[in-house]
Amino acid sequence: VLALAVFWLPDVAREHALRVVPAVKRAEIGRALVAHLHRATGPACRGPGGRAALSALARRLPPREGTARFEVVRKGIDGVLRLPGGTMLIAAALVEEHEEPDVVAGHIIAAYLRAEAQDPLDRLLAEVGPVASLRLLATGRLTDGDLQDHAETLVQTPRDTPSVPAMLDGFAHWQVRATPYARVTGSTGTALEQNDPFGPSVTPPPPILADGDWLRLQAICG
């Protein structure tokens with residue numbers, strides 16, 4: 001019985017929680033987690049027209065499952081971070097330091113692929129322990145301590161880069177050029193650029209954003 005309690009129950013409780021927690025509860029957990037993350041990232045940027053530009057970006061790059069809500073934050077993270085419920089935190093540098101929206105689009109694709117490989121809620125529950133899964137099942141809540149611990153881990157832990165085949169599949173699915181992203185990423189850049197599904201000889205994909213929306217997005221933290 002002790003062995004079952006120690007080795008079997010935690011995984012079963014977490015897997016059951018992932019199956020039964022509804023989307024509205026996931027979104028609530030995500031919003032609570034964002035509040036803790038803002039201690040490290042600062043508040044979301046809200047420059048004029050920026051929210052409308054982010055909404056246009058979310059429509060252009062929807063997740064394969066569920067929904068996505070984008071926020072740009074000034075500091076505390078690199079790349080893009082996907083949270084339970086669909087919130088996506090985007091590092092301001094991705095929109096301020098690059099001339100083309102394809103770079104931030106590539107980071108969004110990478111975040112989607114990481115979330116497909118491991119549900120963000122699954123990662124949270126695995127990190128904070130089995131008691132949190134049982135508490136979520138019993139009360140529908142996670143403690144502020146659990147959320148704060150996970151927020152600190154997200155800020156401090158580097159995120160894995162999806163494999164080149166997975167990224168190329170993502171660029172093809174979301175109809176995004178791989179080359180701009182490849183040129184600002186380290187060792188995998190060459191492989192991504194050489195196998196870009198929208199290389200020079202291929203019809204270009206639809207624009208990521210209209211020029212006006214991209215300019216407003218670049219100034220969202222201004």
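Residues numbered from 1 in each chain as written. Predicted model: local features only at pLDDT ≥ 70, side-chain atom pairs only at ≥ 80, totals over all residues. Heavy atoms only, no water.

1. What to know about helix 8 (residues 144-156)
Phase 1: Along its 13 residues, helix 8 runs 18 Å from first to last C-alpha, staying within 8% of the 18 Å computed at 1.5 Å per residue.
Phase 2: The set of residues buried in helix 8 consists of Asp146, Leu147, Gln148, His150, Ala151 and Leu154.
Phase 3: Contacts made by the buried residues of helix 8 are with helix 2 (23-41), strand 2 (80-82), helix 6 (120-128) and helix 7 (130-139). (Helix = DSSP H or I, 4+ residues; strand = E, 2+ residues; numbered from the N terminus. Expected span 1.5 Å × (residues − 1). Buried < 20%, exposed > 50% of the residue type's maximum accessible area, 1.4 Å probe, protein only. Contact = heavy atoms within 4.5 Å.)

2. Notes on the pairing of strand 1 (residues 69-73)
Phase 1: Within strand 1, four of the five residues are buried, which leaves it mostly tucked inside the rest of the structure.
Phase 2: By the bridge criterion, five bridges tie strand 1 to strand 3 (residues 87-91) in an arrangement that is parallel. Its bridge partner being in strand 3, Val72 is matched across the sheet by Ile90. (Pairing = 2+ DSSP bridges.)

3. Here we look at the state of the cysteines
Phase 1: Applying the stated criterion across every chain yields a total of one disulfide.
Phase 2: Each disulfide pairs two cysteine sulfurs, and for Cys45 the partner residue is Cys221, the sulfurs being separated by 1.9 Å. When the S-S torsion is 95°, as for the bridge of Cys45 with Cys221, the disulfide is right-handed. You can see Cys45 sitting in the loop between helix 2 and helix 3 (50-60) and its partner Cys221 sitting in the segment after helix 12 (211-218), a full 176 residues away along the chain. (Disulfide = S-S within 2.5 Å.)

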